[in-house]
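Structural features, examined
The chain contents come next:
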Amino acid sequence: ASGDGAKELYKVGVDTTYPPFEFQEDGKYKGIDIDLINAIAEDQGFAVEIEAMDFGGIIPAMQAGELDIGMGGMSITDERKKTVDFSDPYFEAGLSLVVAKGNSEIASLEDLKGKVVAIKNGTTGAKFAEEHKKEYGFKTIQVSDSTSMFQEVSNGSADALIEDYPVITYAIAKSNLDLQVVGDRLNGDNYGISVLKGKHDELLKKINNGLASLKESGKYDEILDNYLGTE
Ligand code: GLN
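Residues numbered from 1 in each chain as written. Predicted model: local features only at pLDDT ≥ 70, side-chain atom pairs only at ≥ 80, totals over all residues.

**A look at the overall build of the protein**
Per the secondary structure count, the protein includes seven helices and 14 strands. Structurally, the protein occupies a C-alpha span of about 65 × 40 × 30 Å along its principal axes. The 231 residues of the protein split such that 39% are buried. Pairs at least 24 apart in sequence give 73% of the contacts found in the protein among residues at least 6 apart. (Helix = DSSP H or I, 4+ residues; strand = E, 2+ residues; numbered from the N terminus. Buried ≥ 20, exposed ≤ 12 C-beta atoms within 10 Å, placed from the backbone. Contact = placed C-beta atoms within 7 Å.)

**As for the sheet that holds strand S5 (residues 69-70)**
With mixed pairing, the five strands of this open sheet are ordered in space as S4-S1-S5-S14-S6. Bordering the open sheet on either side are strand S4 (47-53) and strand S6 (84-86), each of which pairs with just one other strand. By the bridge criterion, seven bridges tie strand S1 (residues 9-15) to S4 in an arrangement that is parallel. Paired with Val 14 across the two strands is Ala 52, which belongs to S4. Across the face of the sheet, helix H1 (residues 32-44) comes into contact with S1, S4 and S5 while running at roughly 160 degrees to S4. (Pairing = 2+ DSSP bridges. Axes fitted to C-alpha atoms, helices over the stretch in contact; angles between N-to-C directions.)

**Re the pairing of strand S8 (residues 95-100)**
Consecutive residues of a regular strand have side chains that alternate between opposite faces of the sheet. With five of six residues buried, S8 lies mostly within the body of the structure. As paired strands, S8 and strand S11 (residues 160-164) are joined by five bridges and run antiparallel to one another. Within S11, the residue paired with Val 98 across the bridge is Leu 161. Pairing of S8 with strand S12 (residues 179-182) involves four bridges; the strand directions are antiparallel.

**Describing the pairing of strand S10 (residues 139-143)**
Here strand S9 (residues 116-120) pairs with S10 via five bridges, running parallel. By the bridge assignment, Val 116 is partnered in S10 with Lys 139. Crossover S9 to S10 through helix H3 (residues 124-136) is right-handed. (Right-handed = clockwise from strand over helix to strand, strands pointing away.)

**So, the sheet that holds S12**
Judged by pairing direction, the sheet is mixed, and its five strands sit side by side in the order S10-S9-S11-S8-S12 without closing on themselves. At either margin of the open sheet sits one strand with a lone partner, and together these are S10 and S12. Going from strand to strand, the sheet's axes swing by 35 degrees on average, the running direction of each strand aside. Bridge analysis of S9 against S11 gives two bridges, and the strand direction is parallel. Bridge assignment links Ala 118 to a residue of S11, and that residue is Leu 161. Each of S8, S9, S10 and S11 touches H3; the most contacted strand, S9, lies at about 145 degrees to it. Here helix H5 (residues 165-175) sits on the sheet and contacts S8, S11 and S12; the angle it forms with S11, its principal contact strand, is near 110 degrees.

**What about the site of the ligand?**
All residues in the neighbourhood of the ligand are listed as Asp 15, Tyr 18, Phe 55, Gly 72, Gly 73, Met 74, Ser 75, Ala 93, Lys 120, Thr 123, Thr 124 and Asp 164. For the shell around the ligand, the per-class residue count stands at four nonpolar, five polar and three charged. When residues of the shell around the ligand are assigned to domains, at least three map to each of domain 1 (9-92 + 190-228) and domain 2 (95-182). (Near = placed C-beta within 6 Å. Nonpolar A, V, L, I, M, F, W, Y, C, P; charged D, E, K, R; others polar. Domains from an automatic or database assignment.)

This is how it looks when you write it as structure tokens:
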């Protein structure tokens, strides 16, 4: 707390690298999550400091009191709601099954019998895989970031991976990955900004007010367009 008019400073945990939501360019953090939280902070008169970490470490770090806010393309789930409170949703996502480019053997979950699926620790994709591996007869290998997960499939250590649709389509288009999305989306969800449950009611109110004001002013659309626009 500060009595001298200085702005309250909140630490925001984001994923190490998760374009277009967060990534580093010229030593600076960029992306939809970064721009949104900065704009919300400016609108609501607080300050933020970005800390990048493995996605699976964000909620534990919040619980340990090391972070105030969790982002990272974090999906709103009932399980997470036991430990964090979420803002209003700010982005629609959902999971996709991804294989190596040119793989004509795997077109859906049904084709995963005896296969290896790379998953990323602590994600909704990992949870989905663990819940369905028995039914479809696949094995999983866990890594801690998306780049490693993509590599597992590129180098043939895994046959498939599960990633958020907006992230994998962006990565394939921008980084020219030798991967392709197959089948229908596996589920649908929404990203939210999280704070430790019951501990940050004031902050959560500010985050929601800020988000609403960015949507109203057009700033929210501007940020999304900046990363996802087609021009
Ligand atoms: N949206 C997914 C989740 O919440 C993945 C997030 C991520 O990998 N950064 O688990």
